[in-house]
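Below are the chains, spelled out letter by letter.
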Amino acid sequence: MIIGRRASKALRFAVCVRNDGYPASLERNKIYRTIPDADAASDGDLRIVDESGEDYLYPKPWFVVIEVPSAVRASLVKA
């Protein structure tokens, strides 16, 4: 999949630092793609995309949003 420069800038990633009650769904220290969601953010949540491509809401404090170099971004998008 080829992602244009504008779309790739919109991609955001976060590292899971907590997974209380969801050890099968969330892996600590794993990088996840996020989807912007203003309503979720106003409630203190973050929309996370899992391995299946589905997205779910989790408490924002369970994640640290990170900036990744372009080579890492390309690798994460392919995964």
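Criteria and thresholds
- Residues numbered from 1 in each chain as written.
- Predicted model: local features only at pLDDT ≥ 70, side-chain atom pairs only at ≥ 80, totals over all residues.
- Heavy atoms only, no water.
- Helix = DSSP H or I, 4+ residues; strand = E, 2+ residues; numbered from the N terminus.
- Buried < 20%, exposed > 50% of the residue type's maximum accessible area, 1.4 Å probe, protein only.
- Contact = heavy atoms within 4.5 Å.
- Pairing = 2+ DSSP bridges.
- Phe/Tyr/Trp six-rings, centres within 6.5 Å; stacked < 30°, edge-to-face > 60°.

J.: How should the environment of W62 be read in this particular structure?
T.: Of note, W62 is situated in the loop between β4 (55–59) and β5 (63–66). With a relative accessible area of 9%, W62 lands in the buried category. Each C-alpha atom of the pair W62 and R18 lies 4.6 Å from the other, and the pair is 44 residues apart in sequence. Excluding residues that lie within four positions of it along the chain, W62 makes contacts with V15, C16, V17, R18, N19, D20, Y22 and L26.

J.: Help me out: how do you make sense of the pairing of strand β1 (residues 12–16) in this one?
T.: Along any regular strand the residues' side chains alternate between the sheet's two faces. Most of β1 is tucked away, with four of its five residues classed as buried. With four bridges joining them, β1 and strand β2 (residues 31–35) adopt antiparallel strand pairing. Bridge assignment links A14 to a residue of β2, and that residue is Y32.

J.: Can you walk me through the packing of aromatic side chains in this structure?
T.: To describe a pair of aromatic rings, one takes the distance between the centres and the angle between the planes. Going through the model one piece at a time under the given rule, you end up with five aromatic pairs. When the centroid spacing of 5.5 Å and the interplanar angle of 85 degrees are considered together, the rings of Y22 and Y58 count as edge-to-face. One end of the pair, Y22, is in the loop between β1 and β2; the other, Y58, is in strand β4, and 36 residues separate them in sequence. Note on Y22: relative accessible area 40%, which makes it partly exposed. For Y58, a relative accessible area of 7% gives the class buried. Counting every residue linked through ring pairs, the aromatic cluster contains Y22, Y32, Y58, W62 and F63.

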